[in-house]
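So the chains spell out like this:
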There are 2 protein chains.
Amino acid sequence: MTTVSIKEVAELAGVSIATVSRCMNSPDKVSEKTRIKVQHAILETGYTPNTLAQSFRRGRTNIVMVVLPSIGDPFFTLVMRGIRNAADARGFSIIINETQFNTITADEIAAMVVSRQTDGIILLASMSPFGTEVLSEQSHRTLPIVVGCETVAPELSKFPSVHIDNVAAAKEATGYLISQGHERIALVCGSATSLLTKDREFGFRAAMREAQLKIELGWVVNGDLSVEGAIRATRSLLNHRHRPSAIFCTTDEMAIGCLHAIKSAGLSVPTDISVMGFDDTRYAAVMDPPLSTISQPAVEIGERVMYRLCREIDQGRGAGNSEKKPELVPHRLIIRESIAPPADL
Amino acid sequence: MTTVSIKEVAELAGVSIATVSRCMNSPDKVSEKTRIKVQHAILETGYTPNTLAQSFRRGRTNIVMVVLPSIGDPFFTLVMRGIRNAADARGFSIIINETQFNTITADEIAAMVVSRQTDGIILLASMSPFGTEVLSEQSHRTLPIVVGCETVAPELSKFPSVHIDNVAAAKEATGYLISQGHERIALVCGSATSLLTKDREFGFRAAMREAQLKIELGWVVNGDLSVEGAIRATRSLLNHRHRPSAIFCTTDEMAIGCLHAIKSAGLSVPTDISVMGFDDTRYAAVMDPPLSTISQPAVEIGERVMYRLCREIDQGRGAGNSEKKPELVPHRLIIRESIAPPADL
DNA sequence: CATTTTGCTGTAAACGTTTACATCTTGCCC
DNA sequence: GGGCAAGATGTAAACGTTTACAGCAAAATG
């Protein structure tokens, strides 16, 4: 049963292949009569257009690539859900490219751009700023790119982006800890090269500075975004000669590791140490104790990023005239039981 | 800067396009001299082959589709990692299709098959047996399909598969609970239409039967595979007039919800109720208490499934002569602190 | 040296679409 | 009825590769 092409439909219907093609793509350009004739022929032959040929001819694959650190992180899972929602609605498929916490290089992106397998790229992972620079020159002319979750310095980047105000959110989270009476607050965050990490760290430091609280050396621990990394980071904090009374983890995933490390050291949360997370993933509320955190509209971010990318794609590759201002979405502080005033108060 | 095609390379190198093509695909068929000439021309022009045209011409996209219930489940994340490892090694990209816990229909698969965007399909999600039947006739002739994680009745299915012995594993897990003295054991499992769920339920029932233990009505709770579903299921068990002394959850994801529901009802694990998980995801060990579970070689399953699919693809679409016997991989019972002898012992 | 073999290269067809352009039909207007 | 517009359809080129086949030169063989 060899695959049936447009030609056979044309023959059966007694028309030219052009007419068949028109029936599918612009039915208004073909007469009622022949249209139903062709319709029947299509049904009879069981014809379906060869997507490969279409992609080739149209120069469009209807595939977009999403680059992210880890699909395992429940937060990104949610963003992906949003992306997928929007993609489905627009008939796009998605290829996922996991960086496994490495910052992605311009070369790697360029390689994706060059292999024309995709119509556009969504960047949820950090690129080195240098990378961004190079890319914006080379590639954005040829392939639409939209950044999500990450803050991108607007003057640096020529890419549209969708994200929360990470600096403000981190400041708010830290501020809440301070408002509960904490003065010795540590930060467990991701790789120092990540812009997202930098922003949240910046917000943390700003809040501490404004409250005139000191950040001891070793209280800011850069790890990766994994549970295990957070366990190691927390252990080092517990052994610190100035043990913090609260730990702010810049992702819930890390907060899970943090909780575990504290509890398995025989301490209790929040009695001995308070823990703040970030992202409000589906595990946050079922942790023991339930995790205070910053909620991001993850699904919405995904949807908006994808729709934004669709706009870029539709208006022609790298038209460059689109609005590059970041789309900001709101975050929300969620108070649960993982935070209490410090014991020494 | 319009994209450069093979033609321009040919002109610059002073050869025909056929020669350029041969340089890239079968360099041994072209003389040393012209090869370096062409190499230079390629570098100079910055030529990269148009993947779309290649796919079209070769009838090969080097894309495979993975169908799974949920990328959010940490177990599938691991399987995906394995799949991706193997795919990267073989130059394949991956399109993910999430079913959101619904069983997938034959029609949906057929649609994927028909749109020739992919070279093959990996099924990690349950299909209705009927679907499998239909598919094997229609589609497997045209597009390679490999099943992972799921047990497939070998006489029913014409697809190769890679998975653990789910019946034996569930039996073993239940057996361990029994060996600890438990006699009132409940099961929290996924949708009743899922083969995987059925197998594990079957193993559970077999172990109970062999130990001559009674399964009260309402002790087997079918939900979805989500945390929330497990919370609801567990609550119903806690309110059961014969409250079980142990709960076996057929995935860790559900065990997380189960733990939460028990603890937030004011009971303690394992003192009041023991909990057994399944999958040994990265959260299992950091739960409170750490979760006893069945470990599957998830990454390996992914890799083997993908390699299997590569074999199918390479030997020509649906050659049909390939070995269809399921590849069994070993599982392992992991004992942690979530299980203790029942209080009434 | 004639013949065959070998190795390399070019020619051109093919893959299945889409689409600009040409052609043809029909009906309409003056 | 001649001319023309509008609408429907067909013709053929184009997209960028791969590859069967032909051709040709050089090397090997007798």
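Residue indices follow the written sequence of each chain, beginning from 1 at its first position. As a convention, the first chain written is A and the first ligand written is 1, with the rest following in written order. This being a predicted model, a pLDDT of at least 70 is required before a residue's local features are given, and a value of 80 or more before pairs of side-chain atoms are given or counted; all residues contribute to the totals for chains, interfaces and linings. As a rule here, side-chain values come from all non-hydrogen atoms in the structure, and water together with hydrogens is ignored.

### Section: the overall build of chain A
In step 1: Segments assigned H or I by DSSP are reported as helices when at least four residues long, segments assigned E as strands when at least two residues long, and all are numbered from the N terminus. Summing up its helical and strand segments, chain A has 12 helices and 12 strands in all.
In step 2: In chain A, buried positions account for 56% of the 345 residues.
In step 3: Only heavy atoms enter the contact rule, under which two residues are in contact if any of them lie within 4.5 Å. Long-range contacts, defined here as pairs at least 24 residues apart, represent 74% of the contacts in chain A between residues at least 6 apart.
In step 4: Carbon and sulfur atoms form 53% of the exposed surface of chain A, whose accessible area is close to 14,300 Å². Accessible area is worked out with a 1.4 Å probe on protein chains only. A residue is then buried under 20% of its type maximum, exposed over 50%, and partly exposed in between. For the accessible areas, the method is Shrake-Rupley and the probe is 1.4 Å, while residue cover comes only from the protein chains on display.

### Some remarks on the interface of chain A and chain B
In step 1: Between chain A and chain B, the residue contacts involve 45 residues of the former and 44 residues of the latter.
In step 2: For the chain A and chain B pair, buried surface summed over both sides reaches about 4,000 Å², with 57% attributable to carbon and sulfur atoms.
In step 3: Just to be clear on terms, a salt bridge is a Lys or Arg side-chain nitrogen sitting within 4 Å of an Asp or Glu carboxyl oxygen. Across the contact surface, chain A and chain B share eight salt bridges.
In step 4: Among the ionic pairs, Glu98 of chain A bridges to Arg81 of chain B, the shortest N-O distance being 3.4 Å.
In step 5: Residues adjacent in sequence count toward polar contacts only when both atoms are side-chain atoms; beyond that, a polar contact is any pair of N or O atoms within 3.5 Å, and within protein one must be able to donate a hydrogen and the other to accept it. At the junction of chain A and chain B, the tally comes to 16 residue pairs in polar contact (both at pLDDT 80 or more).
In step 6: Among the secondary structure elements, those contributing two or more residues to the side of chain A that touches chain B are helix H4 (51-58), helix H5 (74-90), strand E2 (93-98), helix H10 (227-238) and helix H11 (252-264) of chain A.
In step 7: Residue type decides the class: Asp, Glu, Lys and Arg count as charged, Ala, Val, Leu, Ile, Met, Phe, Trp, Tyr, Cys and Pro as nonpolar, and the leftover types, Gly among them, as polar. For the side of chain A that touches chain B, the per-class residue count stands at 20 nonpolar, 14 polar and 11 charged. Computed with a 1.4 Å rolling probe, the buried area is the accessible surface lost when two parts are put together, summed over both parts.

### Topic: unusual backbone geometry
In step 1: For the bond from Asp288 of chain A to Pro289 of chain A, the omega torsion is 0 degrees, close enough to zero to count as cis.
In step 2: Relative to the elements of secondary structure, Pro289 of chain A occurs in the loop between strand E9 (274-276) and strand E10 (293-295).
In step 3: Despite not being glycine, Asp280 of chain B has its phi angle at roughly 55 degrees, a positive value.
In step 4: Checked against the element boundaries, Asp280 of chain B lands in the loop between strand E9 (274-276) and strand E10 (293-295).

### Things to note about the protein's contact with DNA strand C
In step 1: If even one non-hydrogen atom of a residue comes within 4 Å of a molecule or strand, that residue is called near it. Around DNA strand C, a shell composed of 28 residues is seen, among which Ser21 and Arg57 of chain A together with Thr19, Val30 and Thr34 of chain B lie nearest.
In step 2: The protein-proximal atoms of DNA strand C, defined as those within 4 Å of the protein, are 56% sugar or phosphate.
In step 3: Here a phosphate oxygen of DNA strand C and a side-chain polar atom of Ser21 of chain A are 2.6 Å apart.
In step 4: Within the contact set of DNA strand C, a phosphate oxygen lies 3.1 Å away from a backbone nitrogen or oxygen of Asn50 of chain A.

### Brief notes about helix H5 (residues 74-90) of chain B
In step 1: The end-to-end C-alpha separation of H5 of chain B is 24 Å, in line with the 24 Å expected for 17 residues at 1.5 Å each.
In step 2: Inspection of H5 of chain B places Pro74, Phe75, Phe76, Thr77, Val79, Met80, Gly82, Ile83, Arg84, Ala86 and Ala87 of chain B among the buried residues, and these make up the whole buried set.
In step 3: Buried residues along H5 of chain B sit in contact with E2 of chain A together with strand E1 (63-68), strand E2 (93-98), strand E3 (120-123), helix H11 (252-264) and helix H12 (298-314) of chain B.
In step 4: Between a side-chain oxygen at the N-terminus of H5 of chain B and the backbone nitrogen of Phe75 of chain B the separation is 2.8 Å; the capping residue is Asp73 of chain B. Multiply 1.5 Å by the residue count of a helix minus one, and that product is the helix's expected span.

### As for the protein's contact with DNA strand D
In step 1: Around DNA strand D, a shell composed of 28 residues is seen, among which Ser16, Thr19 and Thr34 of chain A together with Ser21 and Arg57 of chain B lie nearest.
In step 2: Backbone sugar and phosphate groups make up 54% of those atoms of DNA strand D lying within 4 Å of the protein.
In step 3: Thr34 of chain A places a side-chain nitrogen or oxygen 2.9 Å from a phosphate oxygen of DNA strand D.
In step 4: At a separation of 3.1 Å, a phosphate oxygen of DNA strand D approaches a polar backbone atom of Asn50 of chain B.
In step 5: Going through the elements one at a time, helix H2 (17-25) and H4 of chain A together with helix H2 (17-25) and helix H4 (51-58) of chain B are the ones with two or more residues in the surface near DNA strand D.
In step 6: A class-by-class count of the residues in the surface near DNA strand D yields 11 nonpolar, 11 polar and six charged.

### So, the environment of Gly229 of chain A
Residue and element names in this part refer to chain A.
In step 1: Locating Gly229 in the fold gives a position in helix H10.
In step 2: Judged by its relative accessible area of 8%, Gly229 falls in the buried class.
In step 3: In the structure, Gly229 is positioned 152 residues away from Thr77 in sequence and 20 Å away in space, judged by C-alpha atoms.

### Thoughts on the sheet that holds E9 of chain A
All names here are of chain A.
In step 1: Strands are labelled as partners when DSSP assigns at least two bridges between them. Taken in spatial order, the four strands line up as E7-E6-E8-E9 in an open sheet, and their pairing is parallel. Each having just a single partner strand, strand E7 (220-222) and E9 make up the two edges of the open sheet. Sheet twist, expressed as the average angle between the axes of neighbouring strands with direction ignored, equals 15 degrees.
In step 2: Pairing of strand E6 (residues 185-189) with E7, which is carried by three bridges, proceeds in the parallel orientation. Directly across from Val188, in E7, lies its bridge partner Val221. Working convention: axes come from line fits to C-alpha atoms, limited for helices to the stretch in contact. Angles between N-to-C directions cover 0 to 180 degrees.

### What about the relation of the copies chain A and chain B?
In step 1: Its rotation angle being 180 degrees, the transformation that places chain A on chain B also includes 0.1 Å of axial translation and leaves an RMSD of 0.1 Å. Here the two chains are linked by the operation of a two-fold rotation axis. Closest to the rotation axis within chain A is the C-alpha of Ile95 of chain A, separated from it by 2.4 Å.
In step 2: Interface overlap between copies: 98% of the residues of chain A at the interface are likewise at the interface in chain B, consistent with a symmetric, same-surface contact. A residue counts toward the fit only if its pLDDT is at least 70 in both copies, and the copies are then superposed by least squares on the C-alpha atoms of those residues.

### Brief notes about the packing of aromatic side chains
In step 1: To pair, rings of Phe, Tyr and Trp, with the six-membered ring standing in for Trp, must have centres within 6.5 Å; the planes then decide the type, stacked if under 30 degrees apart, edge-to-face if over 60, and tilted in the middle. Under the counting rule described, the total for this entry stands at six aromatic pairs over all chains.
In step 2: Look at Phe56 of chain A and Phe56 of chain B: their rings are 5.0 Å apart centre to centre, the planes differ by 20 degrees, and that puts the pair in the stacked class. Of this pair, Phe56 of chain A sits in helix H4 while Phe56 of chain B sits in helix H4, on two different chains.
In step 3: Residue Phe56 of chain A is classed as partly exposed on the basis of its relative accessible area of 36%.
In step 4: Above the plane of the ring of Phe278 of chain A lies Arg200 of chain A, whose end atom (NZ or CZ) is 3.6 Å from the centre. Two thresholds decide whether a charge sits over a ring: the Lys NZ or Arg CZ must be within 6 Å of the ring centre and within 35 degrees of the ring normal.

### Details of the domain arrangement of chain A
Residue and element names in this part refer to chain A.
In step 1: Splitting chain A by domain gives domain 1 (6-49), domain 2 (63-164 + 298-329) and domain 3 (166-296).
In step 2: Of the residues lining the interface, 12 residues belong to domain 2; the matching set on domain 3 comes to 17 residues.
In step 3: Between domain 2 and domain 3, the buried area comes to about 1,500 Å², and carbon and sulfur atoms account for 60% of it.
In step 4: On the surface where domain 2 and domain 3 come into contact, there are four residue pairs in polar contact (both at pLDDT 80 or more).
In step 5: For the side of domain 2 that touches domain 3, the secondary structure elements donating two or more residues are H5 and helix H12 (298-314).
In step 6: When grouped by side-chain class, the residues that make up the side of domain 2 that touches domain 3 number seven nonpolar, three polar and two charged. Start and end points for every domain follow an automatic or database-based domain assignment.

### Digging into the sheet that holds strand E6 (residues 185-189) of chain B
Residue and element names in this part refer to chain B.
In step 1: In space, the four strands of this open sheet follow the order E7-E6-E8-E9, with parallel pairing throughout. Two strands lie at the open edges of the sheet, namely strand E7 (220-222) and E9, each paired on one side alone. This sheet shows a mean twist of 15 degrees between the axes of neighbouring strands, independent of strand direction.
In step 2: Together, E6, E7 and strand E8 (246-249) form the strand contacts of helix H10 (residues 227-238), whose direction differs from that of E6 by roughly 155 degrees.
In step 3: The strands touched by H11 are E6, E8 and E9; relative to E8, the strand with the most contacts, the crossing angle is about 150 degrees.

### Structural notes on the packing of H5 of chain B against H12 of chain B
Residue and element names in this part refer to chain B.
In step 1: Axis separation between H5 and H12 bottoms out at 7 Å; the angle between their running directions is 40 degrees. Viewed along their axes, H5 and H12 adopt a mutual orientation that is oblique. Considering the relative orientation of H5 and H12, their crossing is right-handed. Counting all contacts with H5, which are made through Phe75, Leu78, Val79, Gly82, Ile83, Asn85, Ala86, Ala87, Ala89 and Arg90, the residues of H12 involved are Ala298, Val299, Gly302, Glu303, Met306, Tyr307, Cys310 and Asp314.
In step 2: The residue inventory of the contact of H5 with H12, partitioned by class, reads 12 nonpolar, three polar and three charged. Any angle from 65 to 115 degrees is called roughly perpendicular, while one under 35 is roughly parallel, one over 145 is roughly antiparallel, and all others are oblique. Handedness of each helix crossing follows the sense of rotation of the near helix against the far helix: counterclockwise by less than a right angle gives left-handed, clockwise gives right-handed.

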